[in-house]
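A look at the structure
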Amino acid sequence: MEIGILRDGEPARALVTVRRHEPWTLALQIDGVDLIDCPDGPQIIAQGNDLFGALQQLCRAADRLKVRLLVNGARRDAYRCQVDGPDTEHLVSFLQPGRPASLTDTGAIFDPADASLIGTPDEQDRIHAGR
């Protein structure tokens, strides 16, 4: 699927491929970016036990190349979906202080998100832990 990114602070487009296996595997391809320093070649590969975990690893690897993914799963307030229900692995929950998780506080992990909402996986972990 095609997603928006910030590359050195400038908007651009990239392709993400998702393989739903144990572990989940994501591949990010960015036109015009020299990925010569990446051990995976012309793409960034990330894995995780679930889709959100794989996306956090992808964000960490992309950040080293000064690339930020502009998707819900990269939002500062996003965390692993806490809503019980069928087919929720593609969702993320958004932290709403003082409220239990509900479907109204979720979004599709790869839906577009505004650049002002994007954080790092470390920020996500700190916010979710309440620090």
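Quick look at the structure, then. If you're wondering where the values come from, they're calculated on a predicted model, not measured in any experiment.

The strand order across the open sheet built from 3 strands is S6-S7-S8, with neighbouring strands paired in antiparallel fashion. Edge positions in the sheet fall to strand S6 (78-80) and strand S8 (106-108), since each of these pairs with one other strand and no more. In this sheet, neighbouring strand axes are inclined to one another by 45° on average, regardless of whether the strands run parallel or antiparallel. Bridge analysis of strand S7 (residues 91-94) against S8 gives 3 bridges, and the strand direction is antiparallel. Paired with Leu91 across the two strands is Ala108, which belongs to S8.

Any pair of aromatic rings gets described here by the distance separating the centres and the angle formed by the planes. Summed over all chains, the structure comprises 0 aromatic pairs. Against the face of Phe94 rests Arg75, its NZ or CZ located 3.7 Å from the ring centre.

Definitions and limits used
Every chain begins its residue count from 1, and numbering advances along the sequence as written. Residues qualify for local features only when their pLDDT is at least 70, as the model is predicted, and side-chain atom pairs are given and counted only at 80 or more; totals for whole chains, interfaces and linings, by contrast, use all residues. Side-chain figures throughout are based on the complete set of non-hydrogen atoms in the structure, without hydrogens or water. Strand pairing is defined by DSSP finding a minimum of two bridges between the two strands. Strands here are runs of E lasting at least two residues and helices are runs of H or I lasting at least four, both read from the DSSP assignment and numbered beginning at the N terminus. What counts as an axis is a line fitted to C-alpha atoms, over the stretch in contact for a helix, and the angles between N-to-C directions run from 0 to 180 degrees. Two rings belonging to Phe, Tyr or Trp (six-membered ring only in the last case) form a pair when the distance between their centres is within 6.5 Å. Interplanar angles under 30 degrees mark stacking, angles over 60 mark edge-to-face geometry, and anything in between is tilted. Each ring is checked for a lysine NZ or an arginine CZ that lies within 6 Å of its centre and within 35 degrees of its normal; such an atom marks a charge sitting over the ring.

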